[in-house]
Amino acid sequence: MATVGQFVDIKWKLGVAMSSDTCRSLKYPYVTVTLKVADPSGQITDRSFEMTIPQFKNFFRQFKEMAAVLETV
Amino acid sequence: MAAGTDPAQPGGGRGRAPHAHSGRAAMSSRSQGAPQPGGRRDPLFPVPGQPRRDGTAPPAAAEGGERPTRARPQHTAPPSAPRAGRCVSRAGRAAMAAAVSAAALGKAAGVAYGYGESGGGRGGSFLGPRVPAEVEAMARGVQDVGKDTFRRLLKVAVNALEGKDCKESVKLIAESTNLSEEQLAFLISGMYTLLREALRLPLSTFKQEVFKEDLKELRIPEDFIVDFSSVVFGNRRPASEGTALVQRSRLPSVQDFKWRVDVAISTSSLARALQPSILMMMKLSDGTAHRFEVPVAKFQELRYNVALILKEMNDLEKRSILKIQD
């Protein structure tokens, strides 16, 4: 599969956004994930994204399902 | 294209005649300094009224006031080309581009003489010692244009100066008159250049009579001169000036700025991080968006620099450089 990149590393952060320019008291928890990916040419790039807690729970559930399927293979 | 080249060039007789003020000598690269007071004869610095070395008559001091002796700064033609180009269709654009680049060459050569900006006398018009090619072509071509068509063309040029798109109006004019693409091109670009140069000069030194004189030298018909005058000196001027201020060459500016203060509770490398940081997102006027994180120490530095900039701006407003009056 020459067109798909390779996963290199993952870093995550759980944080709470305390305030912003639009809201003085946010208190909004979130998870930031940074994936280090090597694209087909070999170039390594960082891709970051942020998830809300429900989104993260869904994310986690996907991985649990992947792990479960791998067990059966 | 250096300004302030040695004026002792062949064919530069006119440019060598200094005005009574010492401003010209200050600009010259010669080491001789200010003109001799008391009427001493110096072949290179003729006192006004004396016959000049090359035998030409000194330029007539047409206006009652003094002539400012600032050198005309270098213009580049390209900014006008896309602006005026918006109003002319593809075929005309090639002709106009050629005319505009010829104008740029003319201006570049003209700037070396460092001529005063508002002036009477042959060749000393507000357009500089060498009138741009398209303005001359327009002056010739406009003789055969009817008043109504002229007014429509003038309207197109004024709209272009105010930053509006005028493809439609030009198409209408092209269809309703029998002017060729090429004629339209140099008429509109000539008017645009003329108006742009006239609007550039501040009203305190550039008077209506001088402007009308210069247009008469170009042999533009009398009622057209009146129309040009009303654009430059009338009450529509602030609109063109406003656009000119906005449209100068500049870097992309900040259009939107959002921030968020975060506290990292736990990360993959540190279980109990508890580090505050700031997340910023800047949207620029060219459409790009930049999102980045700022640690607290860097944020303090940013804060300090912002305060410093504000102080500098404040100080600058009091300094005399911003108070240049003509």
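Computed from a predicted structure; not experimentally measured.

Caption draft 1: Inspection of the overall build of chain B at higher detail. The number of helices and strands found in chain B is 12 helices and 3 strands. For chain B, buried positions account for 37% of its 326 residues. Looking at chain B alone, contacts between residues at least 24 apart form 64% of all its contacts between residues at least 6 apart. Split by element, the accessible area of chain B, about 19000 Å² in all, is 57% carbon and sulfur.

Caption draft 2: Region of the structure containing the environment of Ala239 of chain B. Among the structural elements, Ala239 of chain B can be located in helix H11 (residues 237-246). Measuring from C-alpha to C-alpha, the distance between Ala239 of chain B and Glu162 of chain B comes to 6.4 Å, with 77 residues separating the pair along the chain.

Caption draft 3: Representation of the interface of chain A and chain B in the model. Every contact between the two is made by 15 residues of chain A and, on the other side, 14 residues of chain B. Here chain A meets chain B over a buried area of about 1300 Å², counting both sides, of which 51% is carbon and sulfur. Of all residues in chain A, Trp12, Lys13 and Asp21 of chain A give up the largest surface area on contact with chain B, accounting jointly for 37% of the area buried on that side. Linking chain A with chain B are 2 salt bridges, by the criterion used here. Note that Arg260 of chain B and Glu50 of chain A form a salt bridge whose closest N and O atoms lie 2.8 Å from each other. For the interface between chain A and chain B, the tally reads 10 residue pairs in polar contact (both at pLDDT 80 or more).

Caption draft 4: Examining the nonpolar core more closely. Membership of the largest hydrophobic core comes to 42 residues, with the highest contact counts inside it found for Leu194, Phe211, Ile220 and Phe228 of chain B. Elements with a contribution of two residues or more to this core: helix H5 (133-141), helix H6 (147-161), helix H7 (167-176), helix H8 (181-200), helix H9 (208-217) and helix H10 (222-233) of chain B.

Caption draft 5: Representation of the pattern of salt bridges. Inspection of every chain in the model, using the stated rule, returns 12 salt bridges over all chains. Among the ionic pairs, Arg61 of chain A bridges to Glu65 of chain A, the shortest N-O distance being 3.5 Å. One end of the pair, Arg61 of chain A, and the other, Glu65 of chain A, are both in helix H1 (residues 53-72), 4 residues apart, so they sit about a helical turn from each other. For Arg61 of chain A, a relative accessible area of 43% gives the class partly exposed. Glu65 of chain A sits in the partly exposed class, given a relative accessible area of 44%. Salt-bridge contacts for Glu301 of chain B lead to Lys298 of chain B; the nearest nitrogen and oxygen are separated by 3.4 Å. A residue pair is termed a helical-turn pair when its members lie 3 or 4 positions apart in one helix, as Glu301 of chain B and Lys298 of chain B do in helix H12 (residues 296-318) at 3 residues. Among the charged side chains, a network of salt bridges with common partners joins Glu50 of chain A together with Arg260 and Asp262 of chain B.

Caption draft 6: Inspection of the confidence of the model for chain B at higher detail. Residue and element names in this part refer to chain B. In the predicted model, chain B carries a mean pLDDT of 70, and 61% of its residues have values of at least 70. Note that pLDDT drops below 50 for residues 50-85; the model gives that stretch 75 contacts with residues more than four away or on any other chain. Of the regions scoring below 50 in pLDDT, residues 101-123 engages in 70 contacts with residues more than four places distant in sequence or in other chains. Scoring the predicted complex yields pTM 0.50 and, for the interface, ipTM 0.81.

Caption draft 7: Region of interest: the sheet that holds strand E2 (residues 28-38) of chain A. In spatial order, the strands read E3(A)-E2(A)-E1(A)-E1(B)-E2(B)-E3(B); together these 6 strands make up an open sheet with antiparallel pairing. Two strands close off the open sheet at either side, each with one partner strand: strand E3 (44-52) of chain A together with strand E3 (289-295) of chain B. Looking at each pair of strands side by side, their axes are set apart by 35 degrees on average, direction ignored. Bridging between strand E2 (residues 275-284) of chain B and E3 of chain B involves 7 bridges; their strand directions are antiparallel.

Caption draft 8: Structural view of a nonpolar patch on the surface. Residue and element names in this part refer to chain B. A cluster of nonpolar side chains, Leu302, Val306 and Leu310, forms an exposed patch at the surface whose accessible area comes to about 260 Å². Tracing the backbone shows Leu302 in helix H12. By relative accessible area, Leu302 is classed as partly exposed at 38%.

Caption draft 9: Looking closely at the side chain of Asp214 of chain B. Residue and element names in this part refer to chain B. For Asp214, the location among the structural elements is in helix H9. Classification of Asp214 by relative accessible area gives buried; the value is 3%. A polar contact of 3.2 Å, which involves the side chain of Asp214, links it to the backbone nitrogen of Phe126.

Caption draft 10: View of the pairing of E2 of chain B. Residues and elements named next belong to chain B. Two elements, strand E1 (residues 254-267) and E2, share 10 bridges in a ladder whose sense is antiparallel. Across the sheet, Asp262 pairs through a bridge with Ser277, a residue of E2. Here E2 folds back onto E3 in antiparallel fashion, the turn holding 4 residues, of which Gly287 has a positive phi close to 100 degrees.

Caption draft 11: Looking closely at H11 of chain B. All names here are of chain B. Burial in H11 covers these residues: Arg237, Ser240 and Thr243. Buried positions in H11, seen along its axis, are confined to an arc of 135 degrees and lie on one side of it. Residues Pro238, Leu245 and Val246 are exposed on H11 and point more than 90 degrees away from its buried face. Each element contacted by the buried residues of H11 is listed here: H6, H8 and H10.

Basis of the calculations
Residues numbered from 1 in each chain as written. Chains lettered and ligands numbered in written order. Predicted model: local features only at pLDDT ≥ 70, side-chain atom pairs only at ≥ 80, totals over all residues. Heavy atoms only, no water. Helix = DSSP H or I, 4+ residues; strand = E, 2+ residues; numbered from the N terminus. Buried < 20%, exposed > 50% of the residue type's maximum accessible area, 1.4 Å probe, protein only. Contact = heavy atoms within 4.5 Å. Areas by Shrake-Rupley, 256 points an atom, 1.4 Å probe, with all protein chains shown as cover. Buried area = accessible area lost by both parts, 1.4 Å probe. Salt bridge = Lys/Arg side-chain N within 4 Å of Asp/Glu carboxyl O. Polar contact = N/O pair within 3.5 Å; in protein donor to acceptor, adjacent residues only side chain to side chain. Core = buried A, V, L, I, M, F, W, Y, C linked by side-chain atoms within 4.5 Å. pLDDT = per-residue confidence, 0-100. Pairing = 2+ DSSP bridges. Axes fitted to C-alpha atoms, helices over the stretch in contact; angles between N-to-C directions. Patch = residues over 30% accessible without salt bridge, like charges linked within 9 Å, V, L, I, M, F, W, Y side chains within 5 Å. Arc of directions from axis to C-beta.

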